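# Structural characterization, general
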Amino acid sequence: MNILALDTSAKTTSVCIASDEQILSEFSVIATQTHSQTLMPMLQSAVQSCGISLKEIDLYAVSNGPGSFTGLRIGIGAIKGMAMGAQKPCIGISTLEALAQNLYGMHGIICAVMDARCNQVYTASFTMKNGVFTRITADEALSVDELGGVLRGYIEPIVLVGDGAELCYEQLKERIPNIQIAAPANRYQRASSVAACAWRHASEAVSAADLLPLYLRLPQAERERLARQQEKEAVFNG
């Protein structure tokens, strides 16, 4: 099965072409340019470098949340367009599960954390034992303190991965002695990890029309609108 995978959920733009579990080509960049500027040239390079045409792609995969609202829309829009044009299935992969996939093969607890601002993180935890990768918590938005309460319950080594890893490590290392932080080379989004998860979840593929983002909280503009509305209602009712 040939898989084309994208991740545009955060600052990294990443593109991968894989055949089953084998990575054929992967391009990643963290740049000041937007995903809309970097994605298509990288996609073209990834396809050309491995000699597989888009007609040979069997499954289109993308990280579909949590993450940057704009970034998710760009990646999902690109995958939906290509899958619809090729009349091929596509699949959305949890950004947090894909981050945890970066550490496939380790033994212990993998805690994926993305900085959600205001001392909050998007997070999910997984276990890795004897090559078996298992989810143990759902994707959720927590404060760093709330996450600390969850992680204190684990006695196994805990490795933090994601752009919120350093934030959480600095605040929790004194309270949780078994916590570690992933090396920078494995800490951020990789499309090859999206592809690996897509291969594992291939039976869950959907049509392009059914592929949707999975947000864990409302966009900032909507949160601000609701806050203003609540303030007005408080004044009116007061």
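Residues numbered from 1 in each chain as written. Predicted model: local features only at pLDDT ≥ 70, side-chain atom pairs only at ≥ 80, totals over all residues. Heavy atoms only, no water.

Turning our attention to the nonpolar core. Within the largest apolar cluster, 22 residues are counted, with the highest numbers of intra-cluster contacts made by L4, L6, Y60 and I79. Listed by contribution, the elements that provide at least two residues to this core are β1 (2-7), β2 (12-19), α1 (35-50), β4 (59-63) and α2 (69-86). Examining the composition of this core, we find that six residues originate from one element, α2, more than from any other. Apart from the residues within four sequence positions on either side, L4 is in contact with C16, I17, L43, L54, I57, L59, Y60, A61, I79 and M82. (Core = buried A, V, L, I, M, F, W, Y, C linked by side-chain atoms within 4.5 Å. Buried < 20%, exposed > 50% of the residue type's maximum accessible area, 1.4 Å probe, protein only. Helix = DSSP H or I, 4+ residues; strand = E, 2+ residues; numbered from the N terminus. Contact = heavy atoms within 4.5 Å.)

Read from one edge of the open sheet, five strands run β3-β2-β1-β4-β5, paired in mixed fashion. What marks the edges here is a single partner per strand, and that holds for β3 (22-30) and β5 (90-93). Neighbour-to-neighbour, the strand axes of this sheet turn through a mean angle of 15°, independent of strand direction. Packing against the sheet, α1 makes contact with β1, β2 and β3, and its axis sits at approximately 25° to β2. Against the sheet, α2 contacts β1, β4 and β5, and its axis sits at roughly 170° relative to β4. (Pairing = 2+ DSSP bridges. Axes fitted to C-alpha atoms, helices over the stretch in contact; angles between N-to-C directions.)

Turning our attention to the state of the cysteines. A full pass over the atoms with the stated rule returns zero disulfides. Between C50, a free cysteine, and C16, which holds the nearest cysteine sulfur, the sulfur-to-sulfur gap is 8.7 Å. Overall, C50 belongs to the partly exposed group, its relative accessible area being 21%. (Disulfide = S-S within 2.5 Å.)

Summed over the entire model, instances satisfying the criterion amount to six salt bridges. Between R135 and E97 there is a salt bridge; the shortest N-O distance is 3.8 Å. On the criterion of sequence distance, the pair formed by R135 in strand β8 (residues 132-135) and E97 in helix α3 (residues 95-101) is long-range, its members being 38 residues apart. Using a relative accessible area of 10% as the deciding quantity, one classes E97 as buried. (Salt bridge = Lys/Arg side-chain N within 4 Å of Asp/Glu carboxyl O.)

Moving on, we come to the side chain of T13. Relative to the helices and strands, T13 resides in strand β2. Residue classification places T13 among the buried positions, given a relative accessible area of 2%. Engagement of the side chain of T13 in a polar contact is seen with the side chain of H35, the distance being 2.5 Å. Setting aside chain neighbours within four positions, we find T13 in contact with D7, T8, F27, S28, V29, H35, T38, L39 and M42. (Polar contact = N/O pair within 3.5 Å; in protein donor to acceptor, adjacent residues only side chain to side chain.)

Along the chain, N2 turns up in strand β1. Taking relative accessible area as the criterion, N2 reaches 14% and is therefore assigned buried. Among all residues touching N2, those that are not within four sequence positions of it are A18, S19, I52, E56, I57, D58 and L59.

Now for the environment of G67. Residue position: G67 is located in the loop between β4 and α2. Sequence separation of G67 and L216 is 149 residues, and the distance between their C-alpha atoms is 8.7 Å. For G67, the residues in contact, after removing those within four places along its chain, are S9, L72, M114 and Y122.

Our next topic: the packing of aromatic side chains. Summed over all chains, the structure comprises three aromatic pairs. Centroid distance F69 to Y215: 4.6 Å. Interplanar angle 55°. Geometry classified as tilted. Separated by 146 residues along the polypeptide, F69 in helix α2 and Y215 in the loop between α6 (191-200) and α7 (220-237) bring together distant segments of the chain. On the numbers, 6.4 Å between centres and 45° between planes, the contact of Y104 with F133 is tilted. You can see Y104 sitting in the loop between α3 and β6 (108-115) and its partner F133 sitting in strand β8, a full 29 residues away along the chain. Members of the aromatic cluster, each reached through a chain of ring pairs, are Y104, F126 and F133. (Phe/Tyr/Trp six-rings, centres within 6.5 Å; stacked < 30°, edge-to-face > 60°.)

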